[in-house]
Amino acid sequence: MGTKFIGKKSAAAGGWGALKSCGKQLLQSGMPISGARTMLKANQPDGFDCPGCAWGDPEHGSSFEFCENGVKAVAWEATEKRATPAFFAKRTVSELRQLSDYELELNGRLTHPMRYDATSDRYLPVAWEVAFAEIGSILKGLANPDRAEFYTSGRASNEAAFLYQLFVRVYGTNNFPDCSNMCHEASGIAMRQAVGVGKGTVLLEDFEEADAIFVIGQNPGTNHPRMLGDLRRAALRGARIVVFNPIRERGLERFSDPQDKIEMLRRGSTDIASHYLQPQLGGDMAAIRGMAKAVLAAEEVAAAAGLPSVLDHSFLAEHCAGFAEYKASVEATSWAEIEDQSGLSREEIERAADVYIKAERVICTWAMGVTQHLHSVATIREIANFMFLRGNIGRPGAGLCPVRGHSNVQGDRTVGIDEKPSEDFLDALETHFRFTVPRQHGHNVLAAIGAMLDGSAAAFIGLGGNFARATPDSALVEKALRRLKLTVHIATKPNHSHLMPGETAFILPCLGRTEMDLNATGNSQLVSVEDSMSMVHGSAGINRPASPLLLSEVAIIAGIAQATVGSAVVDWAELAEDYDRIRDHIEATIPGFEDYNKRLRKPRGFHLRNAAAHRKWQTPTGKASFSCQALPEQTVHQRARKGEGRFALQTFRSHDQYNTTVYGLDDRYRGVYGERQVIFIHPEDLKAINAKAGDRVDVVGEHDDGIERVARDFRFVPYDIPRGSIAGYYPELNVLVPLGSAGEESDTPTSKSIMVSFRRRNAA
């Protein structure tokens, strides 16, 4: 193959390339006309919420509120291809396990509930009532409820998630490993400590007023492309956009809006970043500390010259606690330490700080480039510290904005998917439903895997997602799942998690977000989701179900619950028949959902009030709280420098994927085509190890726990990335992420801080 897989990168994100990709995806789905019609209802008041991401919808939407990745997500779900019982009859599970993630999901939508038959090593069709009865019998037969793990993907609706947590707590455990544990857990923890609320403080409309937007550890072009439209509009009106990202990402450089006819006809584009800084992996906290140091120095200069203050002294005095201690911590941090750890020069950092100083209203956004490090909580606290300095929280055009990934990952946590629920929430459940609620904290993702490995967990139920491929240490997770007494996966398509069956295993097919969910009387059911801006809005599918045997997630949960705990506490069938009743229970137990059913039916839904956005601080001090933590002693790239041939690896998505779902094998924004087993590396690092583009290597994990971790047969791609740092796609590289390496306080896998070396194979 040589280096043919390395080609030309898109000149800009979006543009004609995005339109061509949309057409290709709709054609591949086998339903190009109906697929295009479906997209017209994406993110519309009378349509469905796009399953692609959690970016907010504007208050005054257009006729087209979707993006390239939204089209991919919808085409993937609305495909004409079907994974029927005949598909499972053709191959054993062992044979299916040899398929790639892409090849497996290409087989289309699941149509029948399936049960694993160990004798034939195949999945066979099973009746719904038989599946529910057997699942219930096994769960009831466990020694105690804490031996079961109940996973949740961020695609589940508020209604399904609330019913799920209610069933599990009636059953008797708080074991809720969920996708939040692997992405924005650090954001929630840090923001609760800093401002008292674990959610973003901005609305989408704030992006229309911001003078500067700092984008840290985030790639909107691939992960939430609709955000690029808001960044583009901000750039066009003169807002400065400062990017901190080790990788040069096309969407943060230039964007061509497919909805701008003139720009499209001229094949033009809009510059997004006014400043693009490339810190070393794990160097964000030092870079932000450096900007704070520059702001404090500017304040001293202004004071000496009798100029207006740089700091917002009234905000600091009235609303903040711990400023003096933080100031001392910043002053004690040397520029030499900041430069070494960030990988940036003092001049670069001071130029970025100057943008902050000159802007009246600033938004700071971030994603998993910040949250999947050992010191992620401390980094997000530093972001909050930085924003406090000039009062950039709690006023229009300013605030903190963690951008969530999956479309309802934030909503699921709001309605109770939490292994460490608050006492207030548990009290409300206990009072309203009149049962004894389990109080002991449950398992997060890493604890659940540990329990499976040591035998203290015996059952796993997954509400969506692809647990085995999303989690770290792939080989250990496969072993963990296959030793269980029961595995159950609620899903729309076959995936690799289904091919790691426990002693008894079921695949239960559910409706997708785009499909009509009709109750017994023929009425269409409405579900709801919460986006990154805490907007709650309705979603109703418009397509016919892929199979008459599909059930909604709510109906499947109700069926399992009825078979497991009976109806003494909750009438599960009644709730499954009318989701308004579920929302009535949410309203009765969770603050902010007053008049839920009424407000949900308004165009664009409603906003869940954020106290911090109104400068009401629900912290122990009653104020916004500075953190005065020192910088990490060493980051992954600093440790890598001490070993010959060692590199700091981060995993990320290609442009043709969403989470573990792979839509295609191209990554046109990075110039890689038809290949996923690649390592992006600085050209000078290639020379230093006597390698060239296309050479093949095994990537070897360097964690010090005695476990050999190897990702085999990867190709080098020269790229604009800091020396000593490398990058590649997950889930292929998740095998290298150690279970034993997790974020301090967050317990999130450190997928952006992996120490590796290379073992040469034959040249390509």
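Before reading on, note that the structure itself is shown above.
Just so you know, these numbers come straight off a predicted model, no measurement behind them.

Thresholds, definitions, all that
Residues numbered from 1 in each chain as written. Predicted model: local features only at pLDDT ≥ 70, side-chain atom pairs only at ≥ 80, totals over all residues. Heavy atoms only, no water. Core = buried A, V, L, I, M, F, W, Y, C linked by side-chain atoms within 4.5 Å. Buried < 20%, exposed > 50% of the residue type's maximum accessible area, 1.4 Å probe, protein only. Helix = DSSP H or I, 4+ residues; strand = E, 2+ residues; numbered from the N terminus. Salt bridge = Lys/Arg side-chain N within 4 Å of Asp/Glu carboxyl O. Pairing = 2+ DSSP bridges. Axes fitted to C-alpha atoms, helices over the stretch in contact; angles between N-to-C directions. Parallel < 35°, antiparallel > 145°, perpendicular 65-115°, else oblique. Left-handed = near helix turned anticlockwise from the far one by under 90°. Contact = heavy atoms within 4.5 Å. Nonpolar A, V, L, I, M, F, W, Y, C, P; charged D, E, K, R; others polar. Polar contact = N/O pair within 3.5 Å; in protein donor to acceptor, adjacent residues only side chain to side chain.

A.B. asks: In this structure, what is going on with the nonpolar core? I would like to understand it.
C.D. replies: Soluble globular proteins tend to bury their nonpolar side chains together. Judged by nonpolar contacts, the single largest core of 63 residues is most densely connected at Leu 139, Phe 150 and Leu 508. No other element matches the 10 residues that helix α8 (residues 158-171) contributes to this core.

A.B. asks: Help me understand the pattern of salt bridges, please; the structure alone is not making it clear to me.
C.D. replies: Tallied over the entire structure, the rule returns 42 salt bridges. Between Arg 248 and Asp 720 there is a salt bridge, with the nearest N and O atoms lying 3.9 Å from each other. Placement of Arg 248 in the loop between β8 (240-244) and α12 (250-253) and of Asp 720 in the loop between β27 (710-718) and β28 (725-729) is noted, with a sequence separation of 472 residues between them. Given a relative accessible area of 37%, Asp 720 falls into the partly exposed group. If you follow the salt bridges from partner to partner, you end up with Arg 696, Asp 698, Glu 708, Arg 712, Asp 713, Arg 759 and Arg 761 in one network.

A.B. asks: Sorry, what's going on with the sheet that holds strand β5 (residues 122-125) here?
C.D. replies: Hydrogen bonds between backbone groups are what pair the strands of a sheet, and the pairing can be parallel or antiparallel. Spatial ordering of the open sheet is given by β5-β4-β17-β16-β15-β6, a layout of 6 strands whose pairing is mixed. Bordering the open sheet on either side are β5 and β6 (148-152), each of which pairs with just one other strand. Put simply, the sheet's adjacent strands are angled 20° from each other on average, direction ignored. By the bridge criterion, 5 bridges tie strand β15 (residues 459-463) to strand β16 (residues 486-491) in an arrangement that is parallel. Looking at β16, one finds that Leu 463 is bridged to Ile 490.

A.B. asks: Looking at this model, I keep getting lost on the packing of helix α7 (residues 128-141) against helix α26 (residues 553-565). Mind explaining?
C.D. replies: Two quantities define a packed helix pair, namely the angle between the helix axes and the distance between the axes. Between α7 and α26, the least distance of the axes is 7 Å, while the angle of their chain directions is 50°. Between α7 and α26, the angle is such that the two are oblique. Once α7 is placed against α26, the crossing between them reads as right-handed. In this structure, α7 contributes Trp 128, Phe 132, Ala 133, Ile 135, Gly 136, Leu 139 and Lys 140 to the contact, and α26 contributes Ala 555, Ile 556, Gly 559, Ile 560, Ala 563 and Thr 564. When grouped by side-chain class, the residues that make up the contact of α7 with α26 number 9 nonpolar, 3 polar and 1 charged.

A.B. asks: Quick question: what am I supposed to make of helix α23 (residues 445-454) here?
C.D. replies: If you check which residues of α23 are buried, you get Val 445, Leu 446, Ala 448, Ile 449, Ala 451 and Met 452. Tucked into the core, α23 has its buried residues touching β6, β15, α24 (467-470) and α25 (474-482). Between the side-chain oxygen of the N-cap and the backbone nitrogen of Leu 446 there are 3.3 Å, and the N-cap of α23 in question is Asn 444. Looking one or two places after α23, you find Gly 455, whose phi comes out positive at around 90°.

A.B. asks: Would you mind going over the pairing of strand β14 (residues 399-402) with me for this structure?
C.D. replies: The side chains of a regular strand alternate between both faces of the sheet. Of the two faces of β14, both are covered, the one formed by Gly 399 and Cys 401 as well as the one formed by Leu 400 and Pro 402. Here strand β13 (residues 362-366) pairs with β14 via 4 bridges, running parallel. Paired with Thr 365 across the strands is Cys 401, a residue of β14.

A.B. asks: Even after reading the chapter, I still don't get the environment of Leu 429, so can you show me in this structure?
C.D. replies: Tracing the backbone shows Leu 429 in helix α22 (residues 423-433). In this structure, the C-alpha to C-alpha distance between Leu 429 and Ala 194, residues 235 residues apart in sequence, is 28 Å. Apart from residues no more than four positions distant in its own chain, Leu 429 is found in contact with Phe 162, Gln 165, Arg 169, Arg 434, Phe 435, Val 437 and Thr 589.

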